[in-house]
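# Structure assessment
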Amino acid sequence: MLRNALGKAFRFLGYTVQYGCIAHCAFEYLGGIVVCSGPSMEPTIQNSDIVFSESLSRHFYCIRKGDIVIVKSPNDPKSNICKRVIGLEGDKVCTSNPSDFLKSHSYVPKGHVWLEGDNLRNSTDSRCYGPVPYGLIRGRICLKLWPLNDFGFLRASPNGHRFLDD
Amino acid sequence: MGARVVGTCGAGGWRRARWRAGRASWAPYHCRMLRNALGKAFRFLGYTVQYGCIAHCAFEYLGGIVVCSGPSMEPTIQNSDIVFSESLSRHFYCIRKGDIVIVKSPNDPKSNICKRVIGLEGDKVCTSNPSDFLKSHSYVPKGHVWLEGDNLRNSTDSRCYGPVPYGLIRGRICLKCRTQLGLYENVEHAAAHFNCYSLNFCLLYTP
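Residues numbered from 1 in each chain as written. Chains lettered and ligands numbered in written order. Predicted model: local features only at pLDDT ≥ 70, side-chain atom pairs only at ≥ 80, totals over all residues. Heavy atoms only, no water.

If you look chain B up in an unreviewed UniProt entry, it shows as Mitochondrial inner membrane protease subunit from Taeniopygia guttata. One UniProt comment on chain B, placed under Subunit (unreviewed entry), says "Heterodimer of 2 subunits, IMMPL1 and IMMPL2." According to UniProt, the comment filed for chain B under the heading Subcellular location (unreviewed entry) is "Mitochondrion inner membrane". (UniProt positions renumbered as here; feature names shortened; annotations may be inferred.)

By the naming in an unreviewed UniProt entry, chain A is Mitochondrial inner membrane protease subunit, taken from Taeniopygia guttata. Annotation of chain A in UniProt includes, under Subcellular location (unreviewed entry), the sentence "Mitochondrion inner membrane".

Shown next, in the form of structure tokens:
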């Protein structure tokens, strides 16, 4: 009886590990559902919205300017943040706040991206902690799932003036 | 190929079963071969995906063998050394000062670098080179680590690109595999010399 119970326990454990690994790889390489919180991406993404993020873009290095990405926070490795890509490596970005009198610009270093939230007044982003290494990007948000009245692809940035074309 | 008839199917059931069996044997030979081949291919693909996922999770959560290249960690790790790196420390946030870690390069997300942790968040580190006259210090920001290679003269590290976010750490090196070319003399046949490789593991010295 004990041997049967042990055998069943091991088989259950084996199946759990197996399907756990497959689920982890699905999230890692394909994508997953994410619940966003915080006001820094309003009006594009509100607090408690549910979105779908795909991970193929970051593995194939296809992240573009204007994409909304999920990034491991540079200040807190245990949490993720959700911001828009304003500049890729080599791009010129405006590092000053819109309310500043003197504008200052800089170039994004190699292997980094410049992130900003859509709600510029209430967002800690690259204007605070500088350019973020590309290796911290976890996925790209492609679809909003909830609330249903806002279902579909995400809008373009309301701050078009932050994208500098040189 | 024919179905076994259960009694409740009725008197005509066995005739239907025989008809189905006859139909199956009448199907063209190459159609059945194609269905078999497709079935085997899908099963093979299924097993590959399954074991690929398990292997990936083993590397991600447990550890793996890494071949190091470059001179920046000499004399601790030479070019082409084989080391074993474990990933549990970074998931449980147990990386300590003095550990040798594998980190995704901040300048090139496609490659990994291998350096020693000199300072954790909040620590005071010396940001100037040893040859500089004026020493400058700074504090490692929250969520970052300060990395330096053991071969200070020939290493691009945090002195170049600044503190590195903790989230880029992939694993901690705990074992090095040392290969040694040795001469073994056979005592009975004094003229015979044998060359052989001896593999021994040694724990990496962490000051």
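So, next bit.
### Notes on the side chain of Ser155 of chain B
Residue and element names in this part refer to chain B. Position of Ser155 relative to the elements: it lies in the loop between strand S7 (144-148) and helix H4 (158-161). Judged by relative accessible area, which is 11%, Ser155 ranks as buried. From its side chain, Ser155 meets the backbone nitrogen of Gly149 in a polar contact 3.4 Å long. Sequence-distant contacts of Ser155, that is, excluding residues within four places in its chain, are made with Ser72, Lys115 and Gly149. (Helix = DSSP H or I, 4+ residues; strand = E, 2+ residues; numbered from the N terminus. Buried < 20%, exposed > 50% of the residue type's maximum accessible area, 1.4 Å probe, protein only. Polar contact = N/O pair within 3.5 Å; in protein donor to acceptor, adjacent residues only side chain to side chain. Contact = heavy atoms within 4.5 Å.)

### Details of the domain arrangement of chain B
Residue and element names in this part refer to chain B. Examined at the domain level, chain B breaks down into domain 1 (12-61) and domain 2 (62-205). Counting residues at the interface gives 5 residues for domain 1 and 8 residues for domain 2. Of the roughly 470 Å² buried where domain 1 meets domain 2, counting both sides, 40% is carbon and sulfur surface. Among the residues of domain 1 in contact with domain 2, Phe59, Glu60 and Tyr61 are the three that bury the most area, contributing 85% of the side total. Summed over the shared surface of domain 1 and domain 2, the number is 1 salt bridge. Measuring nitrogen to oxygen at the nearest pair gives 3.1 Å for the salt bridge that ties Arg90 to Glu60. Remark: the boundary between domain 1 and domain 2 carries 6 residue pairs in polar contact (both at pLDDT 80 or more). Taken together, the residues of the side of domain 1 that touches domain 2 sort by class into 4 nonpolar, no polar and 1 charged. (Domains from an automatic or database assignment. Buried area = accessible area lost by both parts, 1.4 Å probe. Salt bridge = Lys/Arg side-chain N within 4 Å of Asp/Glu carboxyl O. Nonpolar A, V, L, I, M, F, W, Y, C, P; charged D, E, K, R; others polar.)

### Brief notes about helix H1 (residues 2-29) of chain A
Over its 28 residues, H1 of chain A extends 40 Å from the first C-alpha to the last, a length consistent with the 40 Å expected when each residue adds 1.5 Å. Turning to H1 of chain A, its buried residues number three or more, namely Gln18, Cys21, His24, Cys25 and Glu28 of chain A. (Expected span 1.5 Å × (residues − 1).)

### Digging into the interface of chain B and chain A
Between chain B and chain A, the residue contacts involve 21 residues of the former and 22 residues of the latter. Summed over both sides, the interface between chain B and chain A buries roughly 1,900 Å², with carbon and sulfur atoms accounting for 66% of that surface. At the junction of chain B with chain A, the criterion picks out 0 salt bridges. Joining chain B to chain A, the criterion identifies 2 residue pairs in polar contact (both at pLDDT 80 or more). Among the residues forming the side of chain B that touches chain A, the class breakdown is 10 nonpolar, 6 polar and 5 charged.

### Here we look at unusual backbone geometry
All names here are of chain A. Cis geometry marks the peptide bond from Glu42 to Pro43, where omega comes out at 0°. The step from Trp146 to Pro147 runs through a cis peptide bond, and the omega angle for that step is 10°. The residue Pro147 is located in the segment after strand S9 (137-146) in this model. For Tyr61, which is not glycine, the phi dihedral falls at a positive 55°. Locating Tyr61 in the fold gives a position in the loop between helix H2 (56-59) and strand S3 (68-72).

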